[in-house]
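# Understanding the architecture of this molecule
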Amino acid sequence: MADKALIVVDLQNDFCPGGALAVEGGDEIVPLVNHLISSHDHVVLTQDWHPADHSSFASQHEGGAPFETIDVAYGPQTLWPDHCVQGTDGAAFHAEMDWTRAELVIRKGFRREIDSYSAFFENDHSTPTGLTGYLKDRGIGEVVLCGLATDFCVGFSALDAVASGFRTSVVMPACRAIDLDGSLDVMTARMRDAGVHLL
Ligand code: VGL
Ligand code: ZN
């Protein structure tokens, strides 16, 4: 369908086994993601892309530990191990992902002071990445999401996509979750309640 775009979220080395913020089984989705890429007319990739001193890194906060939550100007923010630093191998796409047909790569999380889980809005929920405008300008009405991680970047992207008026689905077998304190169940329920189709 010409008005449908596949969005592959953050299929990067640091989110795969052996990476700095490894998601269990993250690399297992690559064959299915490649199949989805080959069967969609329009493909967009997102790439988590942080400066080395990014404020979401626990290393930047005195006494901060990875996976704890702190309060920042825009609300609660989970602290992470240093990951997806701009230009590093960890920030590169998984070597077996077939990204050649991608029409756009949206980089996110490049502002030091603000994290960005969603492909559409940063974590203050108001700074746009430009993706909504890009898709609407191109006449895209439907988005299909897959990638890493289900309960963070995929989930928040899906919530913003429906809120921005796109018909939205998530191919769950082509996603893997971090699952921090039940975050997968919480995000799954939020997506369903918001009208995201979970496939
Ligand atoms: C992500 C945590 C921090 C993700 C990115 O891609 O889900 N999670 N940065
Ligand atoms: Zn990140």
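So, a few notes on the structure that sits alongside this text. (Residues numbered from 1 in each chain as written. Chains lettered and ligands numbered in written order. Predicted model: local features only at pLDDT ≥ 70, side-chain atom pairs only at ≥ 80, totals over all residues. Heavy atoms only, no water.)

## Concerning the sheet that holds strand E7 (residues 167-176)
Spatial strand order, E5-E2-E1-E6-E7-E8: 6 strands in an open sheet with parallel pairing. Edge strands, defined here as strands with exactly one partner in the open sheet, are strand E5 (104-108) and strand E8 (197-198). Strands in contact with helix H1 (residues 30-38) are strand E1 (4-9), strand E2 (42-48), strand E6 (142-148) and E7; relative to E7, the strand with the most contacts, it is inclined by about 150°. (Pairing = 2+ DSSP bridges. Helix = DSSP H or I, 4+ residues; strand = E, 2+ residues; numbered from the N terminus. Contact = heavy atoms within 4.5 Å. Axes fitted to C-alpha atoms, helices over the stretch in contact; angles between N-to-C directions.)

## A word on the site of ligand 1
Around ligand 1, the structure places Asp10, Phe15, Leu21, Asp48, Trp80, His83, Leu148, Ala149, Phe152, Cys153 and Ile178. Contacts to ligand 1 include His83, whose side-chain N or O atom sits 3.1 Å from a nitrogen atom. Contact distances for ligand 1 include 3.3 Å between an oxygen atom and a backbone N or O atom of Leu148. Relative to its unbound accessible area of 260 Å², ligand 1 is 100% covered by the protein chains. Its residues assigned to classes, the shell around ligand 1 shows 8 nonpolar, 1 polar and 2 charged. (Near = heavy atom within 4 Å. Polar contact = N/O pair within 3.5 Å; in protein donor to acceptor, adjacent residues only side chain to side chain. Areas by Shrake-Rupley, 256 points an atom, 1.4 Å probe, with all protein chains shown as cover. Nonpolar A, V, L, I, M, F, W, Y, C, P; charged D, E, K, R; others polar.)

## Some thoughts on the pattern of salt bridges
For the structure shown, the criterion picks out 8 salt bridges. Here Arg167 ties to Asp3 by a salt bridge, and the two come within 3.0 Å at their closest N and O atoms. Within this pair, whereas Arg167 is found in strand E7, its partner Asp3 is found in the segment before E1, the two being separated by 164 residues in sequence. The exposure class of Arg167 is partly exposed, given its relative accessible area of 42%. The network of salt bridges with common partners includes Asp3, Glu142 and Arg167. (Salt bridge = Lys/Arg side-chain N within 4 Å of Asp/Glu carboxyl O. Buried < 20%, exposed > 50% of the residue type's maximum accessible area, 1.4 Å probe, protein only.)

## Regarding the packing of aromatic side chains
Going through the model one piece at a time under the given rule, you end up with 6 aromatic pairs. Their ring planes at 90° and their centres at 5.1 Å tell us that Trp80 and Phe152 sit as a pair that is edge-to-face. Highlighted residues: Trp80 in the loop between strand E4 (75-78) and E5 and Phe152 in helix H3 (residues 150-163), separated in sequence by 72 residues. Seen from their ring centres, Phe120 and Phe166 are 6.0 Å apart, and the 35° between their planes marks the pair as tilted. Note that Phe120 is positioned in the loop between E5 and helix H2 (131-137) and Phe166 in the loop between H3 and E7, a separation of 46 residues in sequence. (Phe/Tyr/Trp six-rings, centres within 6.5 Å; stacked < 30°, edge-to-face > 60°.)

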